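As a plain string of letters, each chain reads:
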Amino acid sequence: MKLGIVGLPNVGKSTLFNAITKAGALIANYPFATIDPNVGLVNVPDERLEVLSKISESKKIVPAVIEFYDIAGLVRGASKGEGLGNQFLSNIRETDAIVEVLRCFDDPNVTHVDGSVDPIRDIETINLELIFADLDMIEKVLEKRRKVARNDKEVAKEVEVLDKVKAVLEEGKSARVLNLTDDEKKLLRSYQLLSTKPIIYVCNVNEEDASNDGVDNPYVAKVREFAANENAEVSIVSAKIEQEISELDTDEEKADFLEMLGLNESGTDKVIKDSYKTLDLISFLTTGEMETRAWTIKDGTKAVDAAGKIHTDISRGFIKAEIVSYDDLVNSGSINAAREKGLLRMEGKDYIMQDGDVVNFRFNV
């Protein structure tokens, strides 16, 4: 899973990226400090792995991972090449979802590219650039595809979908607001349209607002109202706090620091969880003496396809999936105890995987 961290210059993108990945990206109080995208691999937080590892006495733990891309700051006119526009847009096409960082704090010492703090204006600036870029691409594609569509039914369907998207873009709306069918989404997939990508709005707030989830922050209230119309997730993060957390050495120190601030979890963990929710992702788990591991799949994935996530041979030679829920396994204390209680069940190829399923795939090739 690839997530692109985007935003206007100086909103806290690179600070947040550093906190998430500890990658040491350049942070500077001027536009375009980030030119090429910095990339960092991040472990997905999952406390279940530690518990399962103890039950199985595993030699190692392998969490699921996410790739975060810190992409250059965008300015108005990016779709026409302003700033680092073309480079920004090409980088974001490679991501699965957009994490849009918004400045929701006042600080006279930190320059805002538009002269004042207004997260809704910032959202509209970025979203419009994505819309303009998509509209430009679709118009060029349609010019060529319409001719072919006269004698090709499949291309005609494609043109019909592109026309539907074009109409929405011309209204200044992102293509993600369309309720497209799975077939229509498949037709559009090769175009990697920017405005169809799922989006998570991250409100970068001060320390006080982070501790109460931004309930008293008027900027956050506006972002939540805007996001509700797009069915988008909103995460409240203090990039400054996240940076401080990332510099602590142990999990105990981090937990104590969060408790002191009145936080149940870090903002980084919230962003990752919201990313899973936005992309309809879940994790199934495998555990044994060698390792305990989390595997990321789409919600609704069948057992045979989940098996292929581990290895194609397991999917090809699939016989049965031996499954127990995480809660049942933990309450039982061991796989054998869960089996004796009748909590371990055998499922076939078409079984729909559930988050927290602990699985042993039986196969033969």
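See the structure printed just above.
Residues numbered from 1 in each chain as written. Predicted model: local features only at pLDDT ≥ 70, side-chain atom pairs only at ≥ 80, totals over all residues. Heavy atoms only, no water.

Caption draft 1: Structural view of the environment of leucine 285. Tracing the sequence through the fold places leucine 285 in strand β8 (residues 281–287). The buried category is assigned to leucine 285, whose relative accessible area is 0%. On a C-alpha basis, the gap between leucine 285 and tryptophan 295 in space is 6.2 Å, while along the polypeptide they are 10 residues apart. Discounting chain neighbours no more than four positions away, the residues touching leucine 285 are Asp46, Arg48, Leu49, Leu52, Arg293, Ala294, Tyr326, Gly356, Asp357, Val358 and Val359. (Helix = DSSP H or I, 4+ residues; strand = E, 2+ residues; numbered from the N terminus. Buried < 20%, exposed > 50% of the residue type's maximum accessible area, 1.4 Å probe, protein only. Contact = heavy atoms within 4.5 Å.)

Caption draft 2: Representation of the state of the cysteines. For the structure on display, the rule yields zero disulfides. Lacking any disulfide linkage, cysteine 203 is separated from the closest cysteine sulfur, that of cysteine 104, by 3.8 Å. On the basis of relative accessibility, which here comes to 0%, the residue cysteine 203 falls in the buried class. (Disulfide = S-S within 2.5 Å.)

Caption draft 3: Inspection of the packing of helix α4 (residues 119–149) against helix α8 (residues 218–228) at higher detail. Packing of α4 against α8 brings their axes to within 9 Å, and their N-to-C directions diverge by 40°. Classified by the interaxial angle, the pair formed by α4 and α8 is oblique. For the pair α4 and α8, the contacting residues are Pro119, Ile120, Ile123 and Asn127 in the first and Tyr219, Lys222, Val223 and Phe226 in the second. Partitioning the contact of α4 with α8 into residue classes produces six nonpolar, one polar and one charged. (Axes fitted to C-alpha atoms, helices over the stretch in contact; angles between N-to-C directions. Parallel < 35°, antiparallel > 145°, perpendicular 65-115°, else oblique. Nonpolar A, V, L, I, M, F, W, Y, C, P; charged D, E, K, R; others polar.)

Caption draft 4: Representation of the packing of aromatic side chains within the structure. Throughout the structure, instances matching the rule amount to four aromatic pairs. Measuring from ring centre to ring centre gives 6.2 Å for phenylalanine 284 and tryptophan 295, while their planes differ by 15°; the resulting arrangement is stacked. Residue phenylalanine 284 is located in strand β8, and its partner tryptophan 295 is located in strand β9 (residues 291–298); the two are separated by 11 residues in the primary sequence. Assessed through its relative accessible area of 12%, tryptophan 295 is described here as buried. Through pairs of rings, three or more aromatic residues link up here, namely Phe284, Trp295, Phe318 and Phe361. The ring centre of phenylalanine 105 lies 4.8 Å from the NZ or CZ of arginine 103, which sits over that ring. (Phe/Tyr/Trp six-rings, centres within 6.5 Å; stacked < 30°, edge-to-face > 60°. Lys NZ or Arg CZ within 6 Å of the ring centre and 35° of its normal.)

Caption draft 5: Here's a closer look at the nonpolar core. Formed by 66 residues in total, the largest nonpolar core has its most connected members in Phe68, Cys104, Tyr201, Val202, Cys203 and Val223. Those residues in contact with valine 223 that lie beyond four places of it in its chain are Leu102, Cys104, Pro119, Ile120, Ile123, Tyr201, Cys203 and Val234. Grouped together as the second largest cluster of nonpolar side chains are 19 residues, Val141, Val168, Leu169 and Leu180 included. (Core = buried A, V, L, I, M, F, W, Y, C linked by side-chain atoms within 4.5 Å.)

Caption draft 6: Structural view of the pattern of salt bridges. Summed over the entire model, instances satisfying the criterion amount to 23 salt bridges. For the salt bridge of lysine 157 with glutamate 154, the shortest nitrogen-to-oxygen distance reads 3.6 Å. You can see lysine 157 and its partner glutamate 154 sitting in helix α5 (residues 153–170), three residues apart, about one turn around the helix. Under the relative-accessibility criterion, lysine 157 is labelled partly exposed at 45%. Each of Asp46, Arg48 and Asp355 takes part in one network of salt bridges that share partners. (Salt bridge = Lys/Arg side-chain N within 4 Å of Asp/Glu carboxyl O.)

Caption draft 7: Summary view of the sheet that holds strand β1 (residues 2–6). An order of β2-β4-β1-β5-β6-β7 is seen for the six strands of this open sheet, with the pairing classed as mixed. Strands at the two margins of the open sheet, each flanked by one partner only, are β2 (38–43) and β7 (233–237). Between one strand axis and the next, the sheet turns through 25° on average, direction left out of account. Here strand β5 (residues 97–103) runs beside strand β6 (residues 199–204); their pairing, made up of six bridges, is parallel. Bridging from a neighbouring strand, arginine 103 pairs with asparagine 204 of β6. (Pairing = 2+ DSSP bridges.)

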